Amino acid sequence: MSHTFSPRLIILGAPGAGKGTQAELISKDKKIPHISTGEMMRGAVAASTDLGAKVKSYLDAGKLVPDELVIDLIKDRLSQPDCTNGFLLDGFPRTVAQAEALDILLNGMNKPLTHIIELEVPDEVLIDRLLDRGKSSGRTDDTREVIEERLKIYYHQTAPVSNYYSKSNRLIELRGTKVVSAIFADISNLLSS
Ligand code: AMP
């Protein structure tokens, strides 16, 4: 049964919570695309596309890109054939408006989300992890100043997304301070139950 199941899941959590790391492991294990809006936009900036030009200043400042741009990007991506048998969203939705747009889109396709997982990690740990990542990631937004801005934005604009899902009893919270393999085991259990 589990091998035919196609999860359509999102991983929520603050910057540095470990979304990207877990998303990569799950996407390989379940053979579903790992869709990271942050990666897509960094790619657009690197390739100097029209989208890249529009979003660069937001990324550099650690601010959220306007909803319309990200929602269009996701609509386009989810309509591609590799998403037919499930997908994993990492870094989207980041506002309640994005979460609502996603529900409408997926309900219209008769493919609602199957799992909404949040990784919980305290602030001190997040800042340490992000500063550490900044040493090797080459990401222009992993500096202390931009990290603090991203956390502030997370609490103001993105934390309400968790409420949006918990109000409809869809949110699954996991402790994100465990070692990578233990969190992966927790998520795998959820996906196979
Ligand atoms: P991430 O790689 O998920 O940490 O995203 C890096 C940056 O991309 C964020 O700080 C935002 O500037 C932008 N970004 C990524 N996903 C979104 C989203 N869903 N909504 C708005 N901006 C986003």
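Above this text sits the structure in question.
For clarity, every value in this text was computed on a predicted model and none was experimentally measured. (Residues numbered from 1 in each chain as written. Predicted model: local features only at pLDDT ≥ 70, side-chain atom pairs only at ≥ 80, totals over all residues. Heavy atoms only, no water.)

Of all the five residues making up strand β1 (residues 8-12), five are buried; the element is thus mostly covered by neighbouring parts of the structure. In the sheet, β1 pairs with strand β3 (residues 87-90) via four bridges, with the strands oriented parallel. Paired with I11 across the two strands is D90, which belongs to β3. Where β1 lies against strand β4 (residues 115-120), four bridges are found, and the strand directions are parallel. By the bridge assignment, L12 is partnered in β4 with E118. (Buried < 20%, exposed > 50% of the residue type's maximum accessible area, 1.4 Å probe, protein only. Helix = DSSP H or I, 4+ residues; strand = E, 2+ residues; numbered from the N terminus. Pairing = 2+ DSSP bridges.)

An ideal rise of 1.5 Å per residue puts 16 Å on 12 residues; helix α4 (residues 67-78) measures up with 16 Å between its terminal C-alpha atoms. Along α4, the residues that are buried comprise V70, I71, L73, I74, R77 and L78. Projected down its long axis, α4 carries its buried residues within an arc of 160 degrees, all on one side. (Expected span 1.5 Å × (residues − 1). Arc of directions from axis to C-beta.)

In this section: the packing of helix α2 (residues 37-46) against helix α3 (residues 50-61). Where α2 meets α3, the axes come as close as 8 Å, and the angle between the chain directions of the two elements is 115 degrees. Crossing geometry of α2 relative to α3 is assigned as left-handed. Two secondary-structure elements touch here, α2 through M41, R42, A44 and V45 and α3 through L51, G52, V55, K56 and L59. The class makeup of the residues in the contact of α2 with α3 is six nonpolar, one polar and two charged. (Axes fitted to C-alpha atoms, helices over the stretch in contact; angles between N-to-C directions. Left-handed = near helix turned anticlockwise from the far one by under 90°. Contact = heavy atoms within 4.5 Å. Nonpolar A, V, L, I, M, F, W, Y, C, P; charged D, E, K, R; others polar.)

The next point concerns the packing of aromatic side chains. Applying the stated criterion to the full structure yields two aromatic pairs. Between Y154 and Y155 the ring centres are 5.1 Å apart and the planes differ by 75 degrees, which places this aromatic pair in the edge-to-face class. Residue Y154 is classed as buried on the basis of its relative accessible area, which comes to 11%. Y155 gets classed as partly exposed once you look at its relative accessible area, which sits at 39%. Look at Y164 and Y165: their rings are 5.1 Å apart centre to centre, the planes differ by 75 degrees, and that puts the pair in the edge-to-face class. Judged by its relative accessible area of 0%, Y165 is buried. (Phe/Tyr/Trp six-rings, centres within 6.5 Å; stacked < 30°, edge-to-face > 60°.)

Read these as layout, nothing more, since geometry by itself doesn't imply function.
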